[in-house]
Every structure is written in C-alpha cells, then in structure tokens.
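Survey of secondary and tertiary structure
Chain by chain, the residues:
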Amino acid sequence: MRFHLRKTLRVGPVRIHLTERGVKSWGLRLGRWSWSARTRRHTLDTPGPGYLRSRGRHH
C-alpha cells in the first residue's frame, strides 16, 4: 500500500487541487455555485441532499 499526497489550496474563490505530480485541476466556487476547469462542469448546490450539474465538456 502506498501513501498519496493531496492538497487543496483556497485563494478567495479559486480552488487549486495539488498532487505529488503538481497541479491536478482548478476551479471556482462562489456561494452555492462552482465550476471545474478540468471537466468544464457547473454545479449548483440545492437545499437538501442533492445538486444540479451541467454536462461539461463533450468527448
């Protein structure tokens, strides 16, 4: 079993996700809305246990 290092840096609304190899992804978060640069998905947190998510980038 191997230990993996992960860390999320928060700089205002910007979130930068780091791994041992460097930057994995980044995104924005403003209140209940967030956006991921890697998947290009928008997510909206709704009251209760669910959320709404856009399709993101198409392959």
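Structure's up top.
In this report, we go over the structure that sits alongside the text. Model, not experiment: these values are computed from the prediction. (Residues numbered from 1 in each chain as written. Predicted model: local features only at pLDDT ≥ 70, side-chain atom pairs only at ≥ 80, totals over all residues. Heavy atoms only, no water.)

In this section: unusual backbone geometry. Backbone geometry at Arg-40 places phi at a positive 55°, although glycine is not the residue there. By the element assignment, Arg-40 lies in the loop between β4 (33-36) and β5 (42-45). (Helix = DSSP H or I, 4+ residues; strand = E, 2+ residues; numbered from the N terminus.)

The subject of this paragraph is the pattern of salt bridges. All chains considered together, the criterion is met by one salt bridge. With a closest N to O distance of 3.4 Å, Glu-20 and Arg-2 form a salt bridge. With Glu-20 in the loop between β2 (14-19) and β3 (22-30) and Arg-2 in the segment before β1 (6-11), this residue pair connects regions lying 18 residues apart in the sequence. (Salt bridge = Lys/Arg side-chain N within 4 Å of Asp/Glu carboxyl O.)

Right, let's get into the packing of aromatic side chains. Geometrically, a pair of aromatic rings is defined through the distance of the ring centres and the angle of the planes. One pass over the structure, following the stated rule, counts one aromatic pair. Ring centres of Trp-26 and Trp-35 lie 5.5 Å apart, and the angle between their planes is 75°; on these two criteria the pair is classed as edge-to-face. Judged by its relative accessible area of 40%, Trp-26 is partly exposed. (Phe/Tyr/Trp six-rings, centres within 6.5 Å; stacked < 30°, edge-to-face > 60°. Buried < 20%, exposed > 50% of the residue type's maximum accessible area, 1.4 Å probe, protein only.)

So, on to the sheet that holds strand β6 (residues 51-53). Reading across from one edge, β1-β2-β3-β4-β5-β6 is the order of the six strands in this open sheet, with antiparallel pairing throughout. Unpaired on one side and paired on the other, β1 and β6 mark the two borders of the sheet. On average, each strand axis in the sheet is inclined to that of its neighbour by 20°, with strand direction left out of account. Examined bridge by bridge, β2 and β3 share six bridges and lie antiparallel to one another. Pairing of Ile-16 across the sheet is with Trp-26, part of β3. (Pairing = 2+ DSSP bridges. Axes fitted to C-alpha atoms, helices over the stretch in contact; angles between N-to-C directions.)

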